[in-house]
Amino acid sequence: MTEPRDGHRAAVQTMSPGAALEVRGVTAGYGAHTVLRDVSLTVREREVVSLLGHNGAGKSTLLRAVAGVIGVERGDIDFGGMSQIGHGSARVAQDGIALVPQGRGVFPNLTIGENLQLGGGIARRATGREKVSMDFVLDLFPALSSRLHEDAGTLSGGQQQMVAIATALMTSPRLLLLDEPSTGLAPVLVQTMLDQIRSVHQELGIGVLIVEQNIHEALRVSDRAYVLRLGEMVRERPASALLDDPDIWDLF
Ligand SMILES: Nc1ncnc2c1ncn2[C@@H]1O[C@H](COP(=O)(O)OP(=O)(O)OP(=O)(O)O)[C@@H](O)[C@H]1O
Ligand SMILES: [Mg+2]
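In this report, we go over the structure that sits alongside the text. Predicted model only: the values in this text are computed from it and were never measured.

Topic: the sheet that holds strand E4 (residues 74-79)
And then number 1: Reading across the sheet, the four strands line up as E2-E1-E4-E5 and stay open at both edges, with antiparallel pairing between neighbours. Each having just a single partner strand, strand E2 (33-43) and strand E5 (82-83) make up the two edges of the open sheet.
And then number 2: The pairing of strand E1 (residues 21-30) with E2 spans seven bridges and is antiparallel. The residue bridging Leu21 from the neighbouring strand is Val43, located in E2.

Right, dumping it as structure tokens:
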């Protein structure tokens, strides 16, 4: 694993030792429509984990529950040893969980710089961890630095996705939740995007939970993987072992 850059060594070392996500027996959905049933999942410190499954399986719903965007009917969600249940999305973000939602996660009428500053605002209200600087983020995504004053809506889909991820990093997360970050990218760019996510993870030493339709590409950059099917967790495997699963094609 690549060593974090000097400016972030301290941030990594002072991260609370239990900064891991534990979802235990979660049942959740939308009003009377229960989507997730008794779902459990763990993202250990500094782990990249894929969450896979067919359309409508409940992947985005699980990320929303973890990020506090929706509540849970039953079960626990712990982060860094603390329950997140009932905290709401603003508090969860301050606690260090950043969600990059499916689709366009940017404000198109704000400039790239203004989008990034919104993430920085969340970090300013957070305590107990070192802040990620804009220089550091722009170093990771150099394509954005010359365009800071341009409206985010003028960028290509792939570049907007970069802005969305960069904004999430500006919140100084300890866990990054990515909902289909490669959507809308040309196939040749999907691998590049996922490689970039893997190197972001290595630079910052944070956990990443990534939902992807590009199964092979996602597994290549992941340590472990889960498969959701009709709202139930049906597999948990080391990423390299999942492709050898004899039922893999049935699962999707
Ligand atoms: N805001 C919502 N209100 C009501 N039902 C919803 C809402 N969002 C999703 N659902 C329903 O919840 C179920 C799971 O949807 P979800 O978006 O979590 O699936 P997904 O695995 O992310 O699918 P996809 O691969 O298409 O993104 C689906 O039946 C969907 O119709
Ligand atoms: Mg989804």
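That shown, we press on.
Description of the site of ligand 1
And then number 1: Contacts to ligand 1 come from 15 residues, most closely from Gly56, Gly58, Lys59, Ser60 and Thr61.
And then number 2: A distance of 3.1 Å separates an oxygen atom of ligand 1 from a polar side-chain atom of Asn55.
And then number 3: Between ligand 1 and the protein, one listed contact pairs an oxygen atom with a backbone N or O atom of Ala57 at 3.2 Å.
And then number 4: Protein chains shield 63% of the accessible area of ligand 1, which is 630 Å² for the free molecule.

Here we look at the sheet that holds strand E7 (residues 175-179)
And then number 1: Overall, mixed pairing links the six strands, which are arranged E6-E7-E8-E3-E9-E10 in an open sheet. Only two strands of the sheet have a single partner each, and these edge strands are strand E6 (97-100) and strand E10 (232-238). Between one strand axis and the next, the sheet turns by 15° as a mean value, whatever way the strands run.
And then number 2: Relative to E7, E6 runs parallel, the two sharing four bridges.

Remarks on the packing of helix H7 (residues 157-170) against helix H8 (residues 187-204)
And then number 1: Running from amino to carboxyl end, H7 crosses H8 at an angle of 15°, the nearest separation of the two axes being 12 Å. One way to sum up the angle between H7 and H8 is to call them roughly parallel. Of the two possible hands of crossing, H7 and H8 adopt the one that is right-handed. Of the residues in H8, those touching H7 at Gly158, Gln161, Met162, Ile165 and Leu169 are Met193, Gln196, Ile197, Val200 and Leu204.

Quick look at the nonpolar core
And then number 1: Counting residues in hydrophobic clusters, the biggest one holds 37 residues, and the most contacted among them are Phe141, Leu169 and Leu176.
And then number 2: Counting only elements with at least two residues in this core, the list comes to E6, helix H4 (112-125), helix H5 (134-140), H7, E7, H8 and strand E8 (207-211).
And then number 3: In this structure, Phe141 is in contact with Met162, Ile165, Ala166, Leu169, Gln196 and Val200, ignoring residues within four places of it in sequence.

Things to note about the coordination of the magnesium ion (ligand 2)
And then number 1: Within the first shell, the magnesium ion (ligand 2) binds the protein through Ser60 (OG) and Gln102 (OE1), at distances of 2.0 to 2.3 Å. Placement of the pair is Ser60 in helix H2 (residues 59-66) and Gln102 in the loop between E6 and H4, with a sequence separation of 42 residues.
And then number 2: Overall, Ser60 belongs to the buried group, its relative accessible area being 13%.

Focus: the side chain of Thr27
And then number 1: As for its placement among the helices and strands, Thr27 is situated in strand E1.
And then number 2: Within the local environment of Thr27, its side chain forms a polar contact with the backbone nitrogen of Asp38, the two atoms lying 3.1 Å apart.
And then number 3: Those residues in contact with Thr27 that sit more than four places away from it in its chain are Thr34, Leu36, Arg37, Asp38, Val72, Glu73 and Arg74.

Quick word on the pairing of E7
And then number 1: The element E7 is extensively covered by neighbouring structure, given that five of its five residues are classed as buried.
And then number 2: Here E7 shows two buried faces, one formed by Leu175, Leu177 and Asp179 and the other by Leu176 and Leu178.
And then number 3: In terms of strand pairing, E7 meets E8 through five bridges, oriented parallel. By the bridge assignment for E8, Leu177 is matched with Leu209.
And then number 4: After leaving E7, the chain enters H8 and then returns to the sheet as E8, a path that is right-handed.

Cut-offs used in this document
- Residues numbered from 1 in each chain as written.
- Chains lettered and ligands numbered in written order.
- Predicted model: local features only at pLDDT ≥ 70, side-chain atom pairs only at ≥ 80, totals over all residues.
- Heavy atoms only, no water.
- Pairing = 2+ DSSP bridges.
- Helix = DSSP H or I, 4+ residues; strand = E, 2+ residues; numbered from the N terminus.
- Near = heavy atom within 4 Å.
- Polar contact = N/O pair within 3.5 Å; in protein donor to acceptor, adjacent residues only side chain to side chain.
- Areas by Shrake-Rupley, 256 points an atom, 1.4 Å probe, with all protein chains shown as cover.
- Axes fitted to C-alpha atoms, helices over the stretch in contact; angles between N-to-C directions.
- Parallel < 35°, antiparallel > 145°, perpendicular 65-115°, else oblique.
- Left-handed = near helix turned anticlockwise from the far one by under 90°.
- Contact = heavy atoms within 4.5 Å.
- Core = buried A, V, L, I, M, F, W, Y, C linked by side-chain atoms within 4.5 Å.
- Buried < 20%, exposed > 50% of the residue type's maximum accessible area, 1.4 Å probe, protein only.
- Donors = N, O, S within 2.8 Å, 3.2 Å for Na, K, Ca; no water.
- Right-handed = clockwise from strand over helix to strand, strands pointing away.

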